[in-house]
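The residues making up each chain are set out below.
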Amino acid sequence: MGHREELLKGAKKALLEKGYARTTARDIVALSGTNLASIGYHYGSTDALMTAAMLSAMEEWGDTLGRALGEPGEPEADPMLDFWRRVIRSIQTDRGLWLASVEVALQAEHNPQLREQLAGGVRAGRSGMAAMLSGIPEDQLDDATVRSLGSVQMALMSGVLTQWLTDPENAPRAEDIVAGIRALSALTRATPPPA
């Protein structure tokens, strides 16, 4: 592995351990076994290297999440309950990646390349969630299903993630989430649509 790859590996490790804002060029060099000059030579700047690291971490996060949520469920299990158990298990076991995904969203506000990449990931996530929940292959989904089912599922995941990252002792369990979803569904059936 050359310096370029070692730098990227070190930057990703620093991103997961320290976060974007707290990582310095010296941290990256220490974790990569390279030197400060190699950052400028291979990436132009520490910011450019950290952007590359965040993009790479985002891809890894998407792959990890896809594997975790795509696992076959337990036979005879409630599919919704099983899904949320897998989400929570992933948050617990891949905490660094989930935290990095939050930091990516914050950093994207000031980084157009990162924002564009993140927007593409969000669109793919909506589609993937809609396909997973509906059982319809992604290439056969209509836009309305992606924008409704996929968007709401991603919003729920973001809220659950925030609770698990900030207050895991009191965060909702899978059973709580499913009960809440079902209660919301019952409320929408009981409330007449607006005139």
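Residues numbered from 1 in each chain as written. Predicted model: local features only at pLDDT ≥ 70, side-chain atom pairs only at ≥ 80, totals over all residues. Heavy atoms only, no water.

### Overview of the overall build of the protein
1) Next: Looking only at helices and strands, the protein has nine helices and zero strands in total.
2) Next: The order of helices and strands in the protein, counted from the N terminus, is α-α-α-α-α-α-α-α-α.
3) Next: Projected onto the principal axes, the alpha-carbon positions of the protein cover approximately 65 × 35 × 30 Å.
4) Next: Put simply, 62% of the contacts in the protein that link residues at least 6 apart link residues at least 24 apart.
5) Next: Total accessible area computed for the protein in this model is approximately 11500 Å², and 55% of it derives from carbon and sulfur atoms. (Helix = DSSP H or I, 4+ residues; strand = E, 2+ residues; numbered from the N terminus. Contact = heavy atoms within 4.5 Å. Areas by Shrake-Rupley, 256 points an atom, 1.4 Å probe, with all protein chains shown as cover.)

### Topic: helix H1 (residues 3-18)
1) Next: In this model H1 runs 21 Å from its N-terminal to its C-terminal C-alpha over 16 residues, within 8% of the 22 Å that 1.5 Å per residue would give.
2) Next: Inspection of H1 places Leu-7, Gly-10, Ala-11, Lys-12, Ala-14 and Leu-15 among the buried residues, and these make up the whole buried set.
3) Next: Buried residues along H1 sit in contact with helix H2 (25-32), helix H3 (36-43), helix H4 (46-70) and helix H6 (95-108). (Expected span 1.5 Å × (residues − 1). Buried < 20%, exposed > 50% of the residue type's maximum accessible area, 1.4 Å probe, protein only.)

### Notes on the packing of aromatic side chains
1) Next: What the rule picks out here adds up to one aromatic pair.
2) Next: Both rings, one in Phe-83 and one in Trp-84, keep their centres 5.4 Å apart while their planes meet at 85°; by these two values the pair is edge-to-face.
3) Next: The exposure class of Phe-83 is buried, given its relative accessible area of 4%.
4) Next: Given a relative accessible area of 1%, Trp-84 falls into the buried group.
5) Next: Sitting over the ring of Tyr-43, Arg-4 keeps its end group 4.3 Å from the ring centre. (Phe/Tyr/Trp six-rings, centres within 6.5 Å; stacked < 30°, edge-to-face > 60°. Lys NZ or Arg CZ within 6 Å of the ring centre and 35° of its normal.)

### What about a nonpolar patch on the surface?
1) Next: Residues Met-132, Leu-133 and Leu-149 make up a contiguous nonpolar surface patch of roughly 220 Å² in combined accessible area.
2) Next: Relative to the helices and strands, Met-132 is located in helix H7 (residues 112-134). (Patch = residues over 30% accessible without salt bridge, like charges linked within 9 Å, V, L, I, M, F, W, Y side chains within 5 Å. Salt bridge = Lys/Arg side-chain N within 4 Å of Asp/Glu carboxyl O.)

### Points about the confidence of the model for the protein
Predicted coordinates in areas of low pLDDT are best not read in detail.
1) Next: Counting all residues, the mean pLDDT for the protein is 88, and 96% of those residues have values of 70 or more.
2) Next: Least confident of the elements in the protein is H4, whose mean pLDDT is 80; most confident is helix H8 (residues 143-166), at 95. (pLDDT = per-residue confidence, 0-100.)

### Quick notes on the pattern of salt bridges
1) Next: Counting across every chain of the model gives eight salt bridges.
2) Next: Arg-85 is the salt-bridge partner of Glu-175, the closest N and O atoms lying 2.7 Å from each other. With Glu-175 in helix H9 (residues 174-190) and Arg-85 in helix H5 (residues 79-93), this pair connects stretches of sequence that are 90 residues apart.
3) Next: For Arg-85, a relative accessible area of 35% translates into the label partly exposed.
4) Next: Residue Glu-109 is joined to Arg-115 by a salt bridge in which the shortest nitrogen-to-oxygen separation is 3.9 Å.

### Notes on the packing of H1 against H3
1) Next: Running from N to C, H1 and H3 point in directions that differ by 105°, and their axes come no closer than 10 Å. Taken together, the axes of H1 and H3 lie roughly perpendicular to each other. Residues His-3, Arg-4, Leu-7 and Leu-8 of H1 form the contact with H3, whose own contacting residues are Ser-38, Ile-39, His-42 and Tyr-43.
2) Next: Of the residues that constitute the contact of H1 with H3, the class distribution is four nonpolar, three polar and one charged. (Axes fitted to C-alpha atoms, helices over the stretch in contact; angles between N-to-C directions. Parallel < 35°, antiparallel > 145°, perpendicular 65-115°, else oblique. Nonpolar A, V, L, I, M, F, W, Y, C, P; charged D, E, K, R; others polar.)

### Considering H3
1) Next: Every buried residue belonging to H3 is among Ser-38, Ile-39 and Tyr-43, and all of these are buried. Buried residues of H3 fall within an arc of 110° about the axis and therefore sit on the same side. Of the residues in H3, the exposed ones pointing more than 90 degrees away from the buried face are Ala-37 and Tyr-41.
2) Next: For H3, the secondary structure elements touched by its buried residues are H1, H2 and H4.
3) Next: Residue Asn-35 occupies the N-cap position of H3, its side-chain oxygen lying 3.2 Å from the main-chain nitrogen of Ala-37.
4) Next: Following H3 by one or two positions, Gly-44 adopts a phi angle in the positive range, close to 90°. (Arc of directions from axis to C-beta. Polar contact = N/O pair within 3.5 Å; in protein donor to acceptor, adjacent residues only side chain to side chain.)

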